[in-house]
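# Commentary on secondary and tertiary structure
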Amino acid sequence: MPEVEDAKPVPNAGAPAAEAKPAAVPKVDATKYVGTPAVGTSKAAAAGGVAASGPTNTDVDRRRRRLVWAAVTAFLTAWFIAFFRFFLPRTLFEPNTVFKIGYPSEFALGVDTKFQQKYRIWVDRTPDRLFVIYARCTHLGCTPDWKPSENKFKCPCHGSGYDSEGINFEGPAPRPMDRAKIELAPDGQIIVDTSRLYSWPKGQPSHFNDPGAFLTGV
Ligand code: FES
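Figured I'd write up the structure that's included with this text. All values derive from a computational prediction rather than experimental measurement.

Calculation criteria
Residues numbered from 1 in each chain as written. Predicted model: local features only at pLDDT ≥ 70, side-chain atom pairs only at ≥ 80, totals over all residues. Heavy atoms only, no water. Helix = DSSP H or I, 4+ residues; strand = E, 2+ residues; numbered from the N terminus. Buried < 20%, exposed > 50% of the residue type's maximum accessible area, 1.4 Å probe, protein only. Contact = heavy atoms within 4.5 Å. Areas by Shrake-Rupley, 256 points an atom, 1.4 Å probe, with all protein chains shown as cover. Lys, Arg positive; Asp, Glu negative; His and termini not counted. Salt bridge = Lys/Arg side-chain N within 4 Å of Asp/Glu carboxyl O. Polar contact = N/O pair within 3.5 Å; in protein donor to acceptor, adjacent residues only side chain to side chain.

Below, the discussion takes up the overall build of the protein chain. When helices and strands are counted, the protein chain shows 3 helices and 10 strands. Reading the protein chain from its N end, one meets helices and strands in the order α-α-β-β-α-β-β-β-β-β-β-β-β. Per-residue burial over the protein chain gives 26% buried out of 218 residues. If you take every contact in the protein chain between residues at least 6 apart in sequence, the share linking residues at least 24 apart comes to 39%. A total accessible area of about 15,700 Å² is found for the protein chain, and carbon and sulfur atoms account for 59% of it.

Pasting the structure below:
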């Protein structure tokens, strides 16, 4: 007969397994995780663990970051504009001082004001010549008005009066208005140059009869 090994008692065999204890849950103090209470939030609410309704620290940080970025962006934009402006030409665009005004036959006897706005001149034809008056009062530089009914120019600033040829006769203007250089182009049109003026200074000889101050026989 084979030896039968005695069954050895197994320690704790048959004993009920020890009850598993639930893992200890740390107590959480909710007030630690609530952001800084908003201004005006009652202490009682914060102390009682009620979530504050004001902005959290994260919100405040985000707003600060946005502000900083906005300031940096504005600064860089201004800097770039100034940088590129530096390379742009700073040219003063002034009206052309040499220009054509058409053919002599287009101007009748008397004063023609159609170029006053564009070139600040009047074209003046008398029985023996054609000339161009520069429309600037010789007192302080205002632009006089042509008064056809009175056959004179009247300065609106201080009342100087000039006859139909621009010769002063009343008010503070010290001398007649200047005349611009005038000549005929090869195509027959009149060329005016307002950078070359002929004047009649007070008490001195007139330059109104100088070559270039008028056209004749046109
Ligand atoms: S500017 Fe013409 S009268 Fe003074």
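So, next bit.
Checked against the element boundaries, R179 lands in strand β9 (residues 179–184). Buried and without a salt bridge, R179 has E165 as its closest oppositely charged side chain, separated by 4.2 Å. Of note is the side chain of R179, whose polar atom sits 3.0 Å from the backbone oxygen of E165. Those residues in contact with R179 that lie beyond four places of it in its chain are F131, V132, I133, Y134, E165, I167, R196, L197, Y198 and F208.

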